[in-house]
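Commentary on secondary and tertiary structure
Chain by chain, the residues run as shown.
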Amino acid sequence: MFSNFSTILNPTGFFYLVGIWVASRLVRALYNVSPFHPLSHIPGPKLAAATFLYEAWFDLIRGGRFTHEIRRLHEIYGPVVRINPEELHFNDPNFIDEVYPTAGRTRDKQVHYVTFATGPTAEAMFATINHKHHRIRRGAMNKFFSRAQIARLEPEVKRLTDQLCDKIIRLGTKDHEPLDITTAYSCFTADVISGYCFGESFGFVEQEGWEPNFRDAVVGLLETIFLFRFIPVTKLLVPLVPFLWRWLPRSLQVYMDESTEKMPARVRQARREFETGTIPSRPTIFHALLTSSLPEAERTDYRLTGDGLSLNTAGTETTAWTLTVATYYLLDQPETLARLVEELQAADATNRTWNELEKLPYLSAVIAEALRLSYGVSPRSPRIAPNERLVYRGRFQGREVVYDIPPGTPVGMSNAINHHNEEVFPDSHNFRVERWLEADEAQRRRMETGLTSFSRGSRSCVGINLAYCNLYVAMAALAVRVLPRTKLYQTTVEDVAYDHDVFVGVPRRESKGVRVVVS
Ligand code: HEM
């Protein structure tokens, strides 16, 4: 046996093995583009159908630019495109509910999509492949994020919002330094989530300045997703990160400390309280999961830590970026801000509840438009119907097209494409609040369907109520108290315009952020 092993390890054996591997990839690529492949009838470039290298070129090498390429492919090939050997992409709002149906129809996630998750987050609800498995995990979390539960949090969101507005004004009028407003908003959203989910706010708004915060660390970590997706072996390096501690930037150190020390400690404390029957003063998501009907295997410290970490990352930058996009456009379009302030002042908005704020039409339209142009998760988020044959019927270049989609095919749509469908959102690159107010009933329904910021169906955002509560309460207060005394500083539309994906959509790399000065 050892002599066989050493034969393989000698240079000839090694090249022999590499040769076999390359030949097997070539045979696979040929099969992928052959008429025998079950997706051979779906249009798309042959190279994309042959190999994942096509996608890797745009996402890994060119840095998160595959969604732009997918948009281009739809222009050439129509509403359904085969974007890699196994996966289809759709550009048709009428098909949203087929790709993302409610829990009654089975939808798995695709391994290729979630493979970037590492460590405990690979065990989080978000990364769960199997539909039934996900339903069990999600069932335990839904109640914690229900509208009624979030409404109880409202006084805390209000308190943090006031603290945020006070601090922006205090620091802005003291040192007159330009402020990267996303950093401030990220401090706020991280504090809300930590206060609600983990029983204790991180205190980023309360601290003297805006540092530390998780913003740079989260964006930095999201930058790794394509590396992990296309070269999964690089995930083996992740356990080395704690040993690189003192060479890491400060923001990453704070985040790593949170992930590797503090989050597991919170889980352990919640378990101690659960086991000793202690009633916590502020129950956390971990108490909710431990007291739920989750099976024992689902309640390990490791898995609960994964859920905690993913809640932290999922909710912070998404909400902060939506507030940033709203802020940019309101400052860039003074007449829009004036109309919003007029509505808010007439309604005495800073003393209104979330429920009451949601009834204000102009504020709601500002939030909808900010969600549209901030995208949430910008690239595609595929789903698999393992046992269901989907049938797509649509039109392309004046003729009807019908495609039969075999069970087990990953199918997806992208917010960065959905939100620029010109038939649904004419003049889609402009922030036009009025589109939501002037639309007739039918057009409004089309826009509500086409707005997929929180995704749809069984895997849609579990934090949607928390996100809306933050957005309504914070937007109302910021618009009345902060924005009328704020100006953009060396910031243009390029600093909010979608440029590439890092899971969420972000502007060009040279951007210095949305910077403001307060007087
Ligand atoms: C404007 C704010 C937000 C946007 C636009 C947003 C968007 C999304 C989207 C598009 C998904 C689906 C991802 C996929 O298909 O793979 C998602 C899932 C998720 N979001 Fe959010 N989100 C926001 C805020 C939040 C908040 C505040 C939290 C919680 C604190 C949160 C927690 C989650 C979790 C845990 C999932 C995974 C759900 C599951 O797998 O069942 N999000 N979000």
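Residue positions are counted from 1 within each chain, in the order its sequence is given. Selection of residues for local features in this predicted model requires a pLDDT of at least 70, selection of side-chain atom pairs for listing and counting requires 80 or more, and totals for whole chains, interfaces and linings are taken over all residues. With hydrogens and water stripped out, all remaining heavy atoms of the structure feed into the side-chain values.

Looking at an unreviewed UniProt entry, one finds the protein chain named Cytochrome P450 and attributed to Aspergillus aculeatinus CBS 121060.

Here's the deal with the site of the ligand
Rule in force here: Any residue with a non-hydrogen atom lying within 4 Å of a molecule or strand is treated as near it. Comment: elements are numbered from the N terminus, with helices defined as DSSP H or I runs of at least four residues and strands as E runs of at least two. Each residue is assigned to one of three groups, with Ala, Val, Leu, Ile, Met, Phe, Trp, Tyr, Cys and Pro labelled nonpolar, Asp, Glu, Lys and Arg labelled charged, and all others, Gly among them, labelled polar.
Inspection of the region around the ligand gives 28 residues, with His134, Arg138, Ser381, Arg383 and Cys461 positioned closest. The set of elements that each furnish at least two residues to the shell around the ligand consists of α8 (131–142), α15 (301–332) and α22 (464–482). Within the shell around the ligand, the residues separate by chemical class into 13 nonpolar, 11 polar and 4 charged.

Looking at unusual backbone geometry
Which entries qualify depends on this criterion: Between buried and exposed lies partly exposed: a residue is buried under 20% and exposed over 50% of the maximum accessible area for its type, with that area taken using a 1.4 Å probe on protein chains only.
Of note, the amide linkage connecting Glu211 to Pro212 takes the cis form, showing an omega dihedral of -5°. Within the secondary structure, Pro212 is located in the loop between α10 (181–198) and α11 (215–222). Located in the positive-phi region is Gln397, a residue other than glycine, with phi close to 50°. Exposure remark for Gln397: the relative accessible area of 64% places this residue in the exposed category. Located in the positive-phi region is Asp427, a residue other than glycine, with phi close to 60°. Within the element layout of this structure, Asp427 appears in the loop between α19 (415–418) and α20 (434–438).

Focus: the packing of aromatic side chains
We count it as follows: In summary, the pairing rule links any two rings of Phe, Tyr or Trp, Trp by its six-membered ring, whose centres are within 6.5 Å, and it sorts them by plane angle into stacked for under 30 degrees, edge-to-face for over 60 and tilted for everything else.
Taken as a whole, this structure holds 27 aromatic pairs when the rule is applied. Taking the centre distance of 5.3 Å and the plane angle of 80° together, the rings of Phe144 and Phe145 count as edge-to-face. When its relative accessible area of 10% is taken as the criterion, Phe144 is described as buried. Owing to a relative accessible area of 4%, Phe145 belongs among the buried residues under this scheme. Residues Phe425 and Trp436 carry aromatic rings whose centres are separated by 6.1 Å and whose planes lie at 50° to one another, so their mutual orientation is tilted. On the criterion of sequence distance, the pair formed by Phe425 in the loop between α19 and α20 and Trp436 in helix α20 is long-range, its members being 11 residues apart. On the accessibility criterion, Phe425 (0% relative accessible area) is buried. Residue classification places Trp436 among the buried positions, given a relative accessible area of 4%. Aromatic ring contacts, followed pair by pair, group Phe198, Phe202, Phe204, Phe214, Tyr255 and Phe286 into a single cluster.

Let's talk about the sheet that holds strand β5 (residues 383–384)
Counted only if it meets this: Here a strand pair is declared whenever DSSP counts at least two bridges between the two strands.
With mixed pairing, 5 strands are arranged side by side in an open sheet as β1-β2-β8-β5-β3. Each having just a single partner strand, β1 (80–82) and β3 (108–109) make up the two edges of the open sheet. Two strands pair when backbone bridges link them, and strand β2 (residues 88–90) and strand β8 (residues 410–412) are joined in this way by 2 bridges, in the parallel orientation. Of the residues in β8, the one forming a bridge with Leu88 is Val411.

Here's the deal with a nonpolar patch on the surface
Rule in force here: A patch consists of residues exposed above 30% relative accessible area that lack any salt bridge, with like charges linked at up to 9 Å and nonpolar side chains (Val, Leu, Ile, Met, Phe, Trp, Tyr) linked at up to 5 Å. Per-residue accessibility takes into account occlusion by the displayed protein chains alone, with areas from the Shrake-Rupley method and a 1.4 Å probe. Basic side-chain nitrogens of Lys or Arg form a salt bridge, by our definition, when they fall within 4 Å of a carboxyl oxygen of Asp or Glu.
There is a patch of nonpolar side chains on the surface, built from Phe14, Phe15, Val18, Trp21, Val22 and Leu26 and spanning about 640 Å² of accessible area. Tracing the chain through its elements places Val18 in helix α2 (residues 11–33). Given a relative accessible area of 33%, Val18 falls into the partly exposed group.

Let's talk about α22
Spelled out, the test is: By this rule, a helix spans an expected 1.5 Å times one less than how many residues it contains.
Counted at 1.5 Å a residue, the expected span for α22 with its 19 residues is 27 Å, and the 25 Å between its end C-alpha atoms agrees. In terms of burial, α22 is a largely internal element, 15 of the 19 residues being buried.

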